[in-house]
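Working through the structure, step by step
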Amino acid sequence: MDEQEWLADRFEAHRAHLRAVAYRMLGSLDDADDAVQNTWLRISRSGASEVENLGGWLTTIVARVCLNQLRSRTTRREETFGIHLPDPVVSAPEEQAILADSVSLALLVVLDTLTPAERLAFVLHDMFELPFEDIAPMVGRTPEAARKVASRARRRVNGADVPARDPDLARQRQVADAFFTAARSGDFDALVRVLHPDIVLRLDAGARHGSTSFVIRGAAAVAAQTRKGLSSALPSAVVHHVLVNGAAGVVITIAGRPVAVIGFTIADGKILELDSIADPERVRKIAGHIFGVSSSGRG
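In this report, we go over the structure that sits alongside the text.

What counts and what doesn't
- Residues numbered from 1 in each chain as written.
- Predicted model: local features only at pLDDT ≥ 70, side-chain atom pairs only at ≥ 80, totals over all residues.
- Heavy atoms only, no water.
- Core = buried A, V, L, I, M, F, W, Y, C linked by side-chain atoms within 4.5 Å.
- Buried < 20%, exposed > 50% of the residue type's maximum accessible area, 1.4 Å probe, protein only.
- Contact = heavy atoms within 4.5 Å.
- Salt bridge = Lys/Arg side-chain N within 4 Å of Asp/Glu carboxyl O.
- Helix = DSSP H or I, 4+ residues; strand = E, 2+ residues; numbered from the N terminus.
- Pairing = 2+ DSSP bridges.
- Phe/Tyr/Trp six-rings, centres within 6.5 Å; stacked < 30°, edge-to-face > 60°.
- Axes fitted to C-alpha atoms, helices over the stretch in contact; angles between N-to-C directions.
- Parallel < 35°, antiparallel > 145°, perpendicular 65-115°, else oblique.
- Left-handed = near helix turned anticlockwise from the far one by under 90°.
- Nonpolar A, V, L, I, M, F, W, Y, C, P; charged D, E, K, R; others polar.

Overview of the nonpolar core
Counting 61 residues, the largest nonpolar core has Met25, Val62, Val90, Leu111, Leu120, Leu124 and Ile135 as the members making the most contacts within it. Excluding anything up to four places from it in sequence, Leu124 contacts Val21, Thr59, Ala63, Glu129, Leu130, Ile135 and Met138. Core analysis: the next-biggest nonpolar cluster, separate from the first, contains 27 residues, Ala182, Ala237, Ile262 and Ile271 among them.

This is the structure in structure tokens:
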């Protein structure tokens, strides 16, 4: 086995870890895959024969690639009308064990509010335990200054009060079922009973329909919006239980085509957050594999 073959084998052994880092950094499955591929192109040209800690070295490279993407993305996002939710990881219910360490969609939403440097420092140190001595050069700061950046990010994450979801997936699904039962019947009071008083509903309809994206807060307002929007669509739709970032979620299909993904954050029998992506093209990319539908919409 020559050096290039050895390097390719070792890279494949680290690919899942690198994709996990990139996904937490970028919140986009396609961008994460691009970052991992870019990392491979870089190291395949430079080689790694003198690298002692290959895993740590690869992590710093993919993190630098992600940091550059975040910096270039910031301006584009500021020019976009509406809201943008991170890509959820959608999987079949039987894949629960594989996703035991999944990052919650609620946390990804908060990570999207951080600056690129804050996100890098928080993800690498707090989620992957990289030392600040390795993080500092990436953000152009001293280790002590990098520590302060991570601390600032940590305060913002903690201040956002990211809800801890119920660890019992069966209970999560019972609550989700109760929500859809109430939604199908248009029962306002039943909807309010299953929603936390401070629930947040986010709907991302896609860049081309940004004016129909929204954020709504409060049980009464979310129940009213559900009766107005979701209840009218459900008679012609099929609701499929899935896992969304390791938690209860659904994919809604119409005529066999996935048109929406909904992720639930549930605790103590109440829905604290509802995150919905209703851009059919994006939904096909995210969830089409479960239904045998390609990203182009063809089965």
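As for the pattern of salt bridges
Two side chains bearing opposite charge may form a pair once their charged atoms approach each other closely. Following the criterion strictly, the structure yields 14 salt bridges and no others. With a closest N to O distance of 2.6 Å, Asp87 and Arg282 form a salt bridge. With Asp87 in the loop between helix H3 (54-78) and strand S1 (90-91) and Arg282 in helix H12 (residues 280-287), this pair connects stretches of sequence that are 195 residues apart. Each of the two residues, Asp87 as well as Arg282, counts as buried.

Overview of the pairing of strand S2 (residues 195-204)
Counting buried residues along S2, seven of its ten residues qualify, which places the element largely inside the surrounding structure. Relative to strand S7 (residues 270-277), S2 runs parallel, the two sharing six bridges. Bridged to Val200 within S7 is Glu273. As defined by bridge partners, S2 adjoins strand S3 (residues 214-217) across four bridges and the pair is classed as antiparallel. Counted as the bridge partner of Val200 is Arg217 from S3.

Describing the packing of aromatic side chains
Scanning the entire structure with this criterion turns up four aromatic pairs. Ring centres of Phe11 and Trp40 lie 5.3 Å apart, and the angle between their planes is 50°; on these two criteria the pair is classed as tilted. In this pair, Phe11 sits in helix H1 (residues 3-26) while Trp40 sits in helix H2 (residues 29-46), placing the two residues 29 residues apart along the sequence. Taken individually, Phe11 and Trp40 each receive the classification buried, so the pair is uniform in this respect. Look at Phe180 and Phe264: their rings are 6.0 Å apart centre to centre, the planes differ by 75°, and that puts the pair in the edge-to-face class. Linking Phe180 in helix H8 (residues 169-185) with Phe264 in strand S6 (residues 257-267), this pair joins segments that are 84 residues apart in sequence. You'll find Phe180 and Phe264 in the same group, each marked buried. Each residue in the set Phe179, Phe180 and Phe264 is aromatic and connected to the rest through ring pairs, giving one cluster.

A closer look at the sheet that holds S7
Two modes of strand pairing occur in sheets, parallel and antiparallel, and in both the strands are linked by backbone hydrogen bonds. The strand order across the open sheet formed by seven strands is S1-S4-S5-S6-S7-S2-S3, and the pairing between neighbours is mixed. Strand pairing shows two members of the sheet lacking a second neighbour, S1 and S3, which therefore form its edges. As paired strands, S6 and S7 are joined by seven bridges and run antiparallel to one another. Looking at the pairing, Val261 lines up with Ile277 of S7. Contacts from H8 reach S2, strand S4 (238-244), strand S5 (247-254), S6 and S7 within the one sheet, and its direction differs from that of S6 by about 120°. The sheet contacts of helix H10 (residues 219-228) involve S2, S3 and S7, and relative to S2 the element is tilted by about 45°.

Overview of the packing of H1 against helix H5 (residues 116-127)
In the contact formed by H1 and H5, the axes pass within 9 Å of each other and the chain directions differ by 140°. Judged on the interaxial angle alone, H5 and H1 are oblique. In this structure, H1 meets H5 at a crossing whose hand is right-handed. For the pair H1 and H5, the contacting residues are Val21, Tyr23, Arg24, Met25 and Leu26 in the first and Arg119, Leu120, Val123, Leu124 and Met127 in the second. Its residues assigned to classes, the contact of H1 with H5 comprises eight nonpolar, no polar and two charged.

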